[in-house]
There are 4 protein chains.
Amino acid sequence: MRKGVMRPGHIQIRVLDIEEALKHYRDLIGLIEVDRDDVGRVYLKGWTEVDKFSIVLREADEPGMDFVSYKVIDNAALDRLEQDLRDYGAEVTEIPAGELKGCGRRIRFKAPTGHNLELFAEKEQTGKWGLTDRNPEAWPRNLTGMRATRFDHCLLYGDDLEGNVKLFTEVLGFDLAEQVLDPEGNKAAVFFSCSSKAHDVAFIGHPEKDKFHHASFWLDNWQDVLRAADLISMTDTPLDIGPTRHGLTHGQTIYFFDPSGNRSEVFCGGDYHYPDHPTVTWDTGELGKAIFYHTREINERFLTVLT
Amino acid sequence: MRKGVMRPGHIQIRVLDIEEALKHYRDLIGLIEVDRDDVGRVYLKGWTEVDKFSIVLREADEPGMDFVSYKVIDNAALDRLEQDLRDYGAEVTEIPAGELKGCGRRIRFKAPTGHNLELFAEKEQTGKWGLTDRNPEAWPRNLTGMRATRFDHCLLYGDDLEGNVKLFTEVLGFDLAEQVLDPEGNKAAVFFSCSSKAHDVAFIGHPEKDKFHHASFWLDNWQDVLRAADLISMTDTPLDIGPTRHGLTHGQTIYFFDPSGNRSEVFCGGDYHYPDHPTVTWDTGELGKAIFYHTREINERFLTVLT
Amino acid sequence: MRKGVMRPGHIQIRVLDIEEALKHYRDLIGLIEVDRDDVGRVYLKGWTEVDKFSIVLREADEPGMDFVSYKVIDNAALDRLEQDLRDYGAEVTEIPAGELKGCGRRIRFKAPTGHNLELFAEKEQTGKWGLTDRNPEAWPRNLTGMRATRFDHCLLYGDDLEGNVKLFTEVLGFDLAEQVLDPEGNKAAVFFSCSSKAHDVAFIGHPEKDKFHHASFWLDNWQDVLRAADLISMTDTPLDIGPTRHGLTHGQTIYFFDPSGNRSEVFCGGDYHYPDHPTVTWDTGELGKAIFYHTREINERFLTVLT
Amino acid sequence: MRKGVMRPGHIQIRVLDIEEALKHYRDLIGLIEVDRDDVGRVYLKGWTEVDKFSIVLREADEPGMDFVSYKVIDNAALDRLEQDLRDYGAEVTEIPAGELKGCGRRIRFKAPTGHNLELFAEKEQTGKWGLTDRNPEAWPRNLTGMRATRFDHCLLYGDDLEGNVKLFTEVLGFDLAEQVLDPEGNKAAVFFSCSSKAHDVAFIGHPEKDKFHHASFWLDNWQDVLRAADLISMTDTPLDIGPTRHGLTHGQTIYFFDPSGNRSEVFCGGDYHYPDHPTVTWDTGELGKAIFYHTREINERFLTVLT
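Residues numbered from 1 in each chain as written. Chains lettered and ligands numbered in written order. Predicted model: local features only at pLDDT ≥ 70, side-chain atom pairs only at ≥ 80, totals over all residues. Heavy atoms only, no water.

What about the relation of the copies chain D and chain A?
Placing chain D over chain A gives an RMSD of 0.0 Å and needs a rotation angle of 180 degrees, together with 0.0 Å of translation along the axis. Such values leave the two copies arranged in the relation of a two-fold axis. Relative to the rotation axis, the C-alpha of P243 of chain D is the closest in chain D, positioned 3.0 Å from it. When you check the interface residues of chain D against chain A, 100% turn up at the interface there too, and the contact is symmetric in its surfaces. (Least-squares fit on C-alpha atoms with pLDDT ≥ 70 in both. Contact = heavy atoms within 4.5 Å.)

Following this line, the structure appears as structure tokens:
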């Protein structure tokens, strides 16, 4: 049952060098730099996003993800979710409004897979970037790079997928939209949706906790995936794989790495999901096709290179 | 506040000749014929739809729309919405399960614009057409015509838009995603969303009640809109306008007519909507651009040809 | 029989105001400004063109086309063609090398439809714009507007189509790739190719001599035609028609006007032609579909607004 | 200097089992089966091809290419080319009209790389498949599979590239459109054009003579390349690589194998070539990028799996 979580609100990514990272996220992926803060973090967003920011880059000694946060519909829903998390046994930390510029109070808790998750209800709304509020044009004319439209989801690796299923479906009100099952019925991958997207967050089983696989950004169409691939080549950006299609979600995609080794995805298309839809199941025997629909085999790098 | 309405579930369209209509909806638009009933109605769906059907064609002396129905998440939500409708003053009729084959009980009520609306919570789920449940392929190989993927929304014309805003936002839990305002601030068009789509139903102001403008079906991409346009020409189907883009929602679209004179749309792309997004406003002074983004003028036919 | 004419080399267009025209051809269509000359003419090209320029804008009191020039493979072929033109009875004028900066000697003659045509064999080759000669990237990253790739062809209106057929096929070695015939077998439109393109120049029958209908620029794909349409709207550029498809050549297209009233086209796709292909024939009874494949009717403006 | 060779006319491919091969070339790639002959060969073509056939499948014990043939503009040009070939020292064999059904006399000779090449001037013209001659629609509605539009070119491996350059440019009148050079200036790959295509045939240096790398078929657009990739997966067809883009020619492509182990390509887009264009040069140090623009590395299979 949906409980008011609407969408991925922001992700904080650790990078080894902020200016190098901006060449990747701003100049190549085409996110908009919107602000910086006292501790040196840089805030960005995709141009279609109404809220002030969705990506926060923090300079650190190691790459990876600090946390990913979901926006809930209002403070009442946030209070209910906080109580539900406490009832479920989560250790919840309150982060005061303003710790991230323009963002209201956040509640933070750990997923069974070890990842830091957050919920929040309020963030400054600056509107779609480059467009007027009234009679808005179709798109702003001064976009750069891949012209990514929004932060869409992230994929995380960790050990306790069953724990995450309980947390996300029973406590947070997400649906289990897709899953990969081994022959014994154990979950090898779980894709959660709080919307009509095929995934708002996904986890793949992995012995280590709290690993970051990729942050994903939405493109308009398959032609833009080709353009992204061309830009990856022109900028000598390390490519992981693509252009290709996923079996899971059927999105059309390309993966590549930021200068710190964090993986990025830009993608388009794919399936939609409604809360009454049955979970889509893939078998581990078809894992190659589930991940990369065209090659039908996984490149080792995709499974093992994590930050 | 969302109240459990998920999506357009089905629309019943009156056609003058069922077999002629099937050439349009099944062979040209590419919907799947899934069933027929004792009273001669034909049931169809788009291939991505999990529920058994979404389009019902009924032979009649006059074209138009009998009703459009929205699926709610469960019976509890349906009961609550029924009570809310009665509290609001709507005259609610119960239509028993089975009146449409495979569909549970529906509650029917009239919109202030005169249209018959319905809610229901249960419909037989036959799964995506042509795909296996486990390890599903990207699309089925034996689609025809425009290969429309789903019934997406309808646009209706009627007189009391303010009444509809109250009904849809306060009683049914939709958002007013987009609107057109005249210089005095009166609503000339209202677009409602119960999802992250830019519209799940829309109304344009018109002196007469209960008029049907079009039913709309989703295509994957702009290349498919071109393919649809080509098929319209090859089959000598009356074209209204397109391929073009809307200002409102920014979708990419083409309009054409079924043999009974009902307008159809196939479209792709466009904006997304979340419940915390401010309503997007267009001014009637920009109505041409709001409706047809490229020509920036309305063809008279679009405003006046209704069924 | 082919006689060494390779392609449209350049077109000189009259505009009422050079700087206004540059907003159209350079900033909107995305041609590259490459030079200006002593008499105030501005030279442009599409980024894929190897030769120095293909569009020349000349400020004048009236819009229209001064001339269109075709590049032949070498000076020997140019000499042979000059002799063939004289034998045919054309009045040939020699224009010395350098009259257009970077262009070798041109020979000029009048078509039976009254248009000034030219042939030349030499032009400075500056290479594809924005790319290295060796190991070239797929495209340059700093293109603007519609990113038109090349000057592709022009469409001209005039009175003596049979005369043009004789000139183009018998003297200049073009093929009659496509034609429109009236019920008596008279030519209403003729499309000539000197390559494997469906047209390198086209003429439509019209009582007045020497009229200019449009200059056409090549786009990569249908997605770029949508982008062009969006830019036309965003810049409040007068639209003629499109996005749509032609029946003749089957190209995908959009038409719009420069600030002086000259019509521009950007298009993609369509048929290819080889010298052994039979002429493709359309009937005037199908003229609507031949011109605009989707609407199947001609807008009056397309037939009557000329410069 | 062009000498009247127009385009690839047909290729004869050896397959281990004709019916299995037809599932690949006809049902998957979407070529049209047009005829069979007394010796069991099957004739196919792409739907846009005006000539009767372009692909001939012959059942044999080993896969590979028997020969590839180019159509010249007329018999006079064929006679001149035959004489030029004899003057150059080629051993020319005449194959009488009718040996391939509907094809006129062919002259056969060996390339320095060991491949059997042919020229011919006449072939029965059956017109574009599925379209009327007059007022033709944009495309036929009953295409299957990838809907490949034509046989475009082939890539061959062999030892004497310099010899082939002499043969193709000096004797046959092709241009050297693109090449790959090693640091000493030796040719590692040569791409020849007899049209405005970036390649009508290509050769890669290899110690063994007469090897076949792939036959290539044209698709309309990048969306169709995705569709081809999806069909490859759905039919469990062995994939080589793609969807991706080439550096050489910049075409967008996917490679896969027929049931006999012959490689097929479907592709779209890419550069155009005119006879006055300088040869585009890639360095072997950039060979990865030259072949696969996105990964910038060659998969071993692409270089070593030949038939």
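Read on for the rest.
Comments concerning the interface of chain D and chain A
Between chain D and chain A, the contact holds 19 residues from the first and 19 residues from the second. Summed over both partners, the interface of chain D with chain A comes to about 1,800 Å²; 50% of that surface belongs to carbon and sulfur atoms. Its largest share of buried area at the contact with chain A, chain D owes to W222, H294 and R296 of chain D, together 33% of the area lost on that side. A salt bridge links D230 of chain A to R245 of chain D; the nearest nitrogen and oxygen atoms lie 2.6 Å apart. For the interface between chain D and chain A, the tally reads eleven residue pairs in polar contact (both at pLDDT 80 or more). Considering each element in turn, the side of chain D that touches chain A owes the most residues, eight residues, to helix α4 (residues 222–234) of chain D. (Buried area = accessible area lost by both parts, 1.4 Å probe. Salt bridge = Lys/Arg side-chain N within 4 Å of Asp/Glu carboxyl O. Polar contact = N/O pair within 3.5 Å; in protein donor to acceptor, adjacent residues only side chain to side chain. Helix = DSSP H or I, 4+ residues; strand = E, 2+ residues; numbered from the N terminus.)

Thoughts on the interface of chain B and chain A
Each partner contributes to the interface: chain B provides 38 residues, whereas chain A provides 38 residues. Summing both sides of the interface, chain B and chain A together bury roughly 3,400 Å²; the carbon and sulfur share of this comes to 47%. For chain B, the biggest contributors to the area lost against chain A are N135, Y272 and Y274 of chain B; these three give 19% of the whole. Put simply, chain B and chain A have ten salt bridges between them. Joining chain B to chain A, the criterion identifies 25 residue pairs in polar contact (both at pLDDT 80 or more). At the level of elements, β1 (5–15) and β17 (280–283) of chain B are the ones that each hand at least two residues to the side of chain B that touches chain A. In terms of residue count, the dominant contributor to the side of chain B that touches chain A is β17 of chain B (four residues).

Describing helix α3 (residues 161–171) of chain C
All names here are of chain C. Within α3, the full set of buried residues consists of L161, G163, N164, V165, L167, F168 and V171. Structurally, α3 contributes buried residues whose contacts are with α2 (75–88), β7 (106–110), β8 (116–120), β9 (150–158), β11 (187–193) and β12 (201–205). Once α3 finishes, G173 follows within two positions and takes phi at roughly 80 degrees, a positive value. (Buried < 20%, exposed > 50% of the residue type's maximum accessible area, 1.4 Å probe, protein only.)

Describing a negative patch on the surface
Taken together, D17, E59, D61 and E62 of chain A make up a surface patch of like negative charges. Tracing the backbone shows D17 of chain A in the loop between β1 (5–15) and α1 (18–28). (Patch = residues over 30% accessible without salt bridge, like charges linked within 9 Å, V, L, I, M, F, W, Y side chains within 5 Å. Areas by Shrake-Rupley, 256 points an atom, 1.4 Å probe, with all protein chains shown as cover. Lys, Arg positive; Asp, Glu negative; His and termini not counted. Charge placed at Lys NZ, Arg CZ, Asp CG, Glu CD.)

Observations concerning the packing of aromatic side chains
Inspection of the entire model under this criterion finds 47 aromatic pairs over all chains. Seen in terms of ring centroids, Y255 of chain B and F302 of chain B are 4.9 Å apart; in terms of plane orientation they differ by 75 degrees. Their pairing is edge-to-face. Taken together, the residues Y255 of chain B in strand β15 (residues 252–257) and F302 of chain B in helix α6 (residues 300–304) connect sequence positions 47 residues apart. Each of the two residues, Y255 of chain B as well as F302 of chain B, counts as buried. Linked through ring pairs, Y70, F168, F174, F192 and F203 of chain A together constitute an aromatic cluster. (Phe/Tyr/Trp six-rings, centres within 6.5 Å; stacked < 30°, edge-to-face > 60°.)

Considering the sheet that holds β1 of chain B
All names here are of chain B. As summarised here, the arrangement of the eight strands in space is β2-β3-β4-β1-β5-β8-β7-β6, forming an open sheet in which the pairing is mixed. Each end of this open sheet is capped by a strand with a single partner; those strands are β2 (32–36) and β6 (93–95). Each adjacent strand pair in this sheet contributes to an overall mean axis angle of 25 degrees, direction not counted. In the sheet, strand β5 (residues 64–72) pairs with strand β8 (residues 116–120) via four bridges, with the strands oriented parallel. In the strand pairing of β8, S69 is matched with E118. (Pairing = 2+ DSSP bridges. Axes fitted to C-alpha atoms, helices over the stretch in contact; angles between N-to-C directions.)

A word on the relation of the copies chain B and chain A
Expressed as a screw operation, the relation of chain B to chain A combines 0.0 Å of axial shift with a rotation of 180 degrees, fitting to an RMSD of 0.0 Å. Looking at the interface residues of chain B, 100% of them are also at the interface in chain A, so both copies use one shared face.

Structural notes on the pairing of strand β13 (residues 211–218) of chain B
All names here are of chain B. Counting buried residues in β13 gives seven out of eight residues, a clear majority hidden from the surface. Of the strand pairs in this sheet, strand β9 (residues 150–158) and β13 are connected by seven bridges, and their pairing is antiparallel. Bridging from a neighbouring strand, R150 pairs with W218 of β13. Bridging between β13 and strand β16 (residues 263–268) involves four bridges; their strand directions are parallel. Within β16, the position partnered with S216 by the bridge is E265.

Side note on the side chain of D258 of chain D
Residues and elements named next belong to chain D. Here D258 lies in the loop between β15 (252–257) and β16 (263–268). Buried charge without a partner: D258 forms no salt bridge, and the closest opposite charge is R263, 10 Å away. Within the structure, D258 has its side chain in polar contact with the side chain of Y25 (distance 2.7 Å). Discounting residues that sit within four places of it in the chain, D258 has contacts with V15, H24 and Y25.

A few points about the packing of helix α2 (residues 75–88) of chain B against helix α3 (residues 161–171) of chain B
All names here are of chain B. Interaxial distance between α2 and α3 falls to 11 Å at its minimum, and their mutual angle equals 145 degrees. Taken as a pair, α2 and α3 cross one another with a handedness that is right-handed. Contacts between α2 and α3 pair L81, D84, L85 and Y88 from the former with G163, K166, L167 and V171 from the latter. Each residue belonging to the contact of α2 with α3 can be placed in one class, and the counts come to five nonpolar, one polar and two charged. (Left-handed = near helix turned anticlockwise from the far one by under 90°. Nonpolar A, V, L, I, M, F, W, Y, C, P; charged D, E, K, R; others polar.)

Focus: the confidence of the model for chain A
Mean pLDDT over chain A stands at 97; residues scoring 70 or higher make up 100%. Predicted complex, confidence summary: ipTM 0.96, pTM 0.98. (pLDDT = per-residue confidence, 0-100.)

Some remarks on the sheet that holds strand β4 (residues 55–59) of chain C
All names here are of chain C. What the eight strands build is an open sheet, ordered β2-β3-β4-β1-β5-β8-β7-β6; its pairing is mixed. Single-partner strands in this sheet number two, and they are β2 (32–36) and β6 (93–95). Taken over all neighbouring pairs, the strand axes of this sheet differ in orientation by 25 degrees on average, direction set aside. Across three bridges, β6 lies against β7 in antiparallel orientation.

Remarks on the pattern of salt bridges
Applying the stated rule across the entire model yields 160 salt bridges over all chains. Across the pair R14 of chain A and D66 of chain A runs a salt bridge whose closest N-O atoms are separated by 2.8 Å. Of this pair, R14 of chain A sits in strand β1 while D66 of chain A sits in strand β5 (residues 64–72), placing them 52 residues apart in sequence. For D66 of chain A, a relative accessible area of 12% puts it in the buried group. R147 of chain B serves as the salt-bridge partner of D224 of chain B, at 3.5 Å between the closest nitrogen and oxygen. Residue D224 of chain B is found in helix α4 (residues 222–234), and its partner R147 of chain B is found in the loop between β8 and β9; the two are separated by 77 residues along the sequence.

Quick word on the state of the cysteines
A disulfide bridge is the covalent bond that connects two cysteines by way of their sulfur atoms. Throughout the structure, instances matching the rule amount to zero disulfides over all chains. Between C154 of chain A, a cysteine without a disulfide, and C194 of chain A, which holds the nearest cysteine sulfur, the sulfur-to-sulfur distance is 11 Å. Its sulfur unpaired, C268 of chain D is 11 Å from the next cysteine sulfur, which belongs to C268 of chain C. (Disulfide = S-S within 2.5 Å.)

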